[in-house]
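Listed below are the residues making up each chain.
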Amino acid sequence: RDYLMKLEKYEGAGVREYWIVDVKDMNNNIYFAYTGHSNVQVLSNLKYLVKHVPIEKIQCRAPLIEGYNTEADIQKSTEELQELGVQNIERFVYKI
């Protein structure tokens, strides 16, 4: 989050106009299986952005990752992102 706060200082100068957050999956178990890491930091950063950046400047990517998640998982992730206030959600298929 400190990283985001440092970047936020530059937003007034027009440096950061749009945020793209690749959430992969909101389910921590799926995220961990694919990345080897927890999604806690990604979600913390996203929540920070939602509070401090105009929502129209945030895009989240929720891909279908073959062998890791399903269409139902992506639908659930999309719903959870919408509950956080995210409106611009890109759903697509990862090519691995």
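Reference entry: report on the structure contained in this document. (Residues numbered from 1 in each chain as written. Predicted model: local features only at pLDDT ≥ 70, side-chain atom pairs only at ≥ 80, totals over all residues. Heavy atoms only, no water.)

Considering the overall build of the protein chain
Which entries qualify depends on this criterion: The secondary structure listing takes helices from DSSP runs of H or I that are at least 4 residues long and strands from runs of E that are at least 2 residues long, numbered from the N terminus. Exposed residues in this analysis have more than 50% of their type's maximum accessible area, buried residues have under 20%, and partly exposed residues fall in between, with area computed by a 1.4 Å probe over protein chains only. Residue contacts are counted whenever heavy atoms from the two residues lie within 4.5 Å of one another. Residue exposure ignores everything except the shown protein chains as possible cover, and the areas themselves are Shrake-Rupley values with a 1.4 Å probe.
Counting secondary structure elements, the protein chain contains four helices and three strands. Ordered by position in the sequence, the α and β elements of the protein chain form the string α-β-α-α-β-α-β. A burial count over the protein chain gives 36% of its 96 residues as buried. For the protein chain, restricting intrachain contacts to residue pairs at least 6 apart in sequence, the fraction spanning at least 24 positions comes to 68%. Summed over its atoms, the accessible surface of the protein chain is roughly 6100 Å², and 51% of this surface lies on carbon and sulfur atoms.

Overview of the sheet that holds strand β1 (residues 19-22)
Here is the rule we go by: DSSP bridges decide pairing: two strands pair if at least two such bridges lie between them. For helices, the fitted axis covers only the stretch in contact; all axes are lines through C-alpha atoms, and the angles between them, taken along N-to-C directions, range from 0 to 180 degrees.
With parallel pairing, three strands are arranged side by side in an open sheet as β1-β2-β3. In the strand order of this sheet, the two ends are held by β1 and β3 (88-93), each with one partner. Averaged over neighbouring strand pairs, the angle between their axes works out to 25 degrees when direction is ignored. Most of the contacts of helix α4 (residues 71-84) go to β3, to which it runs at about 170 degrees, and overall it touches β2 (58-64) and β3.

Digging into unusual backbone geometry
With a phi angle near 60 degrees, K24 is a residue other than glycine that sits in the positive phi range. Taking relative accessible area as the criterion, K24 reaches 16% and is therefore assigned buried.

Digging into α4
Where we set the bar: To estimate how far a helix should reach, multiply one less than its number of residues by 1.5 Å. The arc in question is the one spanned by the directions pointing from the helix axis to the C-beta atoms.
Here α4 is 14 residues long and its end C-alpha atoms lie 20 Å apart, about the 20 Å a rise of 1.5 Å per residue gives. Turning to α4, its buried residues are I74, S77, T78 and L81. All buried residues of α4 fall inside an arc of 100 degrees around its axis, so they share one side. Turned more than 90 degrees away from the buried face of α4, the exposed residues are A72 and E83. Following α4 by one or two positions, G85 adopts a phi angle in the positive range, close to 110 degrees.

So, the environment of V40
Mapped onto the secondary structure, V40 falls in helix α3 (residues 40-52). When its relative accessible area of 56% is taken as the criterion, V40 is described as exposed. Along the backbone, V40 and N28 are 12 residues apart, and their C-alpha atoms lie at a distance of 7.7 Å.

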